Amino acid sequence: MSKPVTDLIHHPYVPPAGFHAPQPGVFKASTVIFANVAAMRARDWKHKNGYTYGLHGTPTTFLLEERIAALEGGTQCILVPSGLAAIANVGMALLKAGDEVLLPDNVYGPSRALADGEFAAWGITHQLYDPLKPQDLEARIGPKTRLVWVEAPGSVTMEFPDLAALVRICRARGVTCALDNTWGAGLAFRGFDLVPGEGLGVDISVQALTKYPSGGGDVLMGSIVTRDEKLHQRIKLTHMRVGWGVGGNDAEAVLRSLPSVALRYRAHDAAARQLAQWLATRPEVAQVLHPALPGSPGHAHWQALCGEQGLAAGLFSIVFDPRFATQQVDAFCDALALFKLGYSWGGPLSLVVPYDIPAMRSAQLATWPHKGVLVRFSVGLEDAQDLQADIAQALEALQRPG
Ligand SMILES: *Cc1c(COP(=O)(O)O)cnc(C)c1O
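Per an unreviewed UniProt entry, the chain is named Cystathionine beta-lyase, and its organism is Ramlibacter montanisoli. In its Sequence similarities (unreviewed entry) section, UniProt records this for the chain: "Belongs to the trans-sulfuration enzymes family." What the UniProt record of the chain gives under Cofactor (unreviewed entry) is the line "pyridoxal 5'-phosphate".

Turning our eyes to something else, we now look at the site of the ligand. Residues in close proximity to the ligand total 14 residues, the closest being G83, L84, D180, T210 and K211. Taking W345, its side chain carries an N or O atom lying 3.5 Å from an oxygen atom of the ligand. Summarising the interface, the protein chains cover 89% of the accessible area of the ligand, which totals 380 Å² for the free molecule. The element best represented in the shell around the ligand is helix α4 (residues 83–94), accounting for three residues. Looking at the shell around the ligand residue by residue, the class counts come to six nonpolar, five polar and three charged.

The subject of this paragraph is the sheet that holds strand β4 (residues 145–151). Ordered in space as β1-β7-β6-β5-β4-β2-β3, the seven strands form an open sheet in which the pairing is mixed. Strand pairing shows two members of the sheet lacking a second neighbour, β1 (76–80) and β3 (125–129), which therefore form its edges. Each neighbouring strand pair of the sheet contributes to a mean axis angle of 20 degrees, computed without reference to strand direction. As judged from the five bridges shared by β1 and strand β7 (residues 222–226), these two strands associate in the antiparallel manner. Looking across to β7, one finds that C77 is bridged to V225. Docked against the sheet, helix α3 (residues 59–72) engages β1, β6 (204–208) and β7, running at close to 125 degrees with respect to β1.

What the domain assignment lists for the chain is domain 1 (37–259) and domain 2 (260–399). Averaged C-alpha coordinates put domain 1 and domain 2 at centres separated by 26 Å. Taken together, the 36 residues of domain 1 in the interface contact 36 residues of domain 2. Contact between domain 1 and domain 2 buries roughly 3100 Å² in total, counting both sides, with carbon and sulfur atoms accounting for 66%. Taken together, the links from domain 1 to domain 2 amount to two salt bridges. In this structure, the salt-bridge partner of R361 is E159, at a minimum N-O distance of 3.1 Å. Run the count over domain 1 and domain 2 and you get 14 residue pairs in polar contact (both at pLDDT 80 or more). Grouping the amino acids of the side of domain 1 that touches domain 2 by side-chain chemistry returns 19 nonpolar, nine polar and eight charged.

Before going further, it helps to spend a moment on the packing of aromatic side chains. Counted according to the given criterion, the structure contains eleven aromatic pairs. Seen from their ring centres, Y212 and Y265 are 5.1 Å apart, and the 70 degrees between their planes marks the pair as edge-to-face. Taken as a pair, Y212 in the loop between β6 and β7 and Y265 in helix α10 (residues 261–279) lie far apart in primary sequence, 53 residues in all. Taken together, the ring pairs connect F316, F320, F324, F332, F339 and F377 into an aromatic cluster.

Rules used throughout
- Every chain is numbered on its own, with residues counted from 1 as its sequence reads.
- The predicted origin of the model limits local features to residues at a pLDDT of at least 70 and limits the giving and counting of side-chain atom pairs to 80 or more, whereas totals for whole chains, interfaces and linings rest on all residues.
- By convention in this description, side-chain values take in all heavy atoms of the structure and omit both hydrogens and water.
- UniProt positions are given in the numbering used here, feature names are shortened, and annotations may be inferred rather than shown by experiment.
- Throughout, the term near means that a residue has one or more heavy atoms lying within 4 Å of the molecule or strand in question.
- N or O atoms closer than or at 3.5 Å make up a polar contact, with two conditions inside protein: a donor-capable atom paired with an acceptor-capable one, and, for residues adjacent in sequence, both atoms drawn from side chains.
- Accessibility throughout is a Shrake-Rupley quantity obtained with a 1.4 Å probe, and a residue counts as covered only by protein chains that appear here.
- Going along the chain from the N terminus, every DSSP run of H or I of four or more residues is numbered as a helix, and every run of E of two or more is numbered as a strand.
- Residue polarity follows a fixed list, in which Ala, Val, Leu, Ile, Met, Phe, Trp, Tyr, Cys and Pro are nonpolar, Asp, Glu, Lys and Arg are charged, and the others, Gly among them, are polar.
- For two strands to count as paired, DSSP must find a minimum of two bridges between them.
- Between the N-to-C directions of two axes lies an angle of 0 to 180 degrees, each axis being a line fitted to C-alpha atoms and, for a helix, fitted only over the stretch in contact.
- Only heavy atoms enter the contact rule, under which two residues are in contact if any of them lie within 4.5 Å.
- Each domain's extent was defined by an automatic or database domain assignment.
- Accessible surface is computed with a 1.4 Å probe, and the buried area is the amount of it that two parts give up when combined, taken over both parts together.
- The rule for a salt bridge is simple: a side-chain nitrogen of Lys or Arg has to be within 4 Å of a carboxyl oxygen of Asp or Glu.
- Each aromatic pair joins two rings of Phe, Tyr and Trp (for Trp, the six-membered one) with centres within 6.5 Å, and gets the label stacked for planes under 30 degrees apart, edge-to-face for over 60, and tilted for any other angle.

Here you go:
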């Protein structure tokens, strides 16, 4: 006779199978139980035909992986605990001492920090290239180049590159090309299918699911999508060896938000465009950086890839007129009431961050022509008129003596 405490853990009741509801169940596990030793020995963690250990996947994480792969038009997906972990996982899988990775000059900042830090310490070098000059990328690809990162648009400064031209160069030179597709989210353009009918696409598409797919500002997660099984297995082996798993509750939160991602993306986009267009008329603003705005760097490339009526997310930056000093722009940011100061984007709350762009760029490439201070806006899901009124009142703070 076992004691009640044992019965609590070894209870014989099994609920009936076949439960079906709009949302999938949440499975959480470190341990996965096998029927016998033979089953334990036979199970292969590399393919999604069985379960071995929580780190290698549960029904909940497999489901999210399949949906993200479908969203991006890929065939395999690996989940990791953050967007940055996705970037790191790709580099760790594909690069070894003596190799080189190329990054766009407007790359997501922590990706460059990883190249400067761990990758450099491991004997992996990197070069920055000018993303608006495909010939600059071409000239920098050498015999040690194993990986090229592309981003559309670039982080913070929003320049939109000619992705197809960059990918063509990587193809011609036989170098793996990985896209940070966080901005596009699988909605604005097809990373694996850049030119319809041509079969031209990136090899790897990474996203910070932290942003639009999660949509709540409350989950950190990343995804690595591929179309090539061998490439997927290479990245998956590294994923297994470094031990990057995601929790069932976080996967469930993304699964819950995913059905509305396209609706939310359109709403963020519409409000951001309205504000960006209005800001372009303001005398305090030297330039609005938003790929859908004519005059923004790479606008024609955005139009060619995303379409005349294409989507463009909820992000833009403004460069203030150089007559405004950093302290005045800081006062503008502090005066905002609805826009909060905070990193990341993709949630319902509007956010701003002031950036010191020259400090983030390669001096040699000279890709930053502006003198004024930049502020990046992430437009949430508040009423756009209210957001505009908030910016208008904060612009008054610029005029006040500091
Ligand atoms: C936010 C972001 C990441 C990193 O995502 P985290 O989940 O915050 O680590 C990577 N790339 C881009 C372009 C991002 O905006």
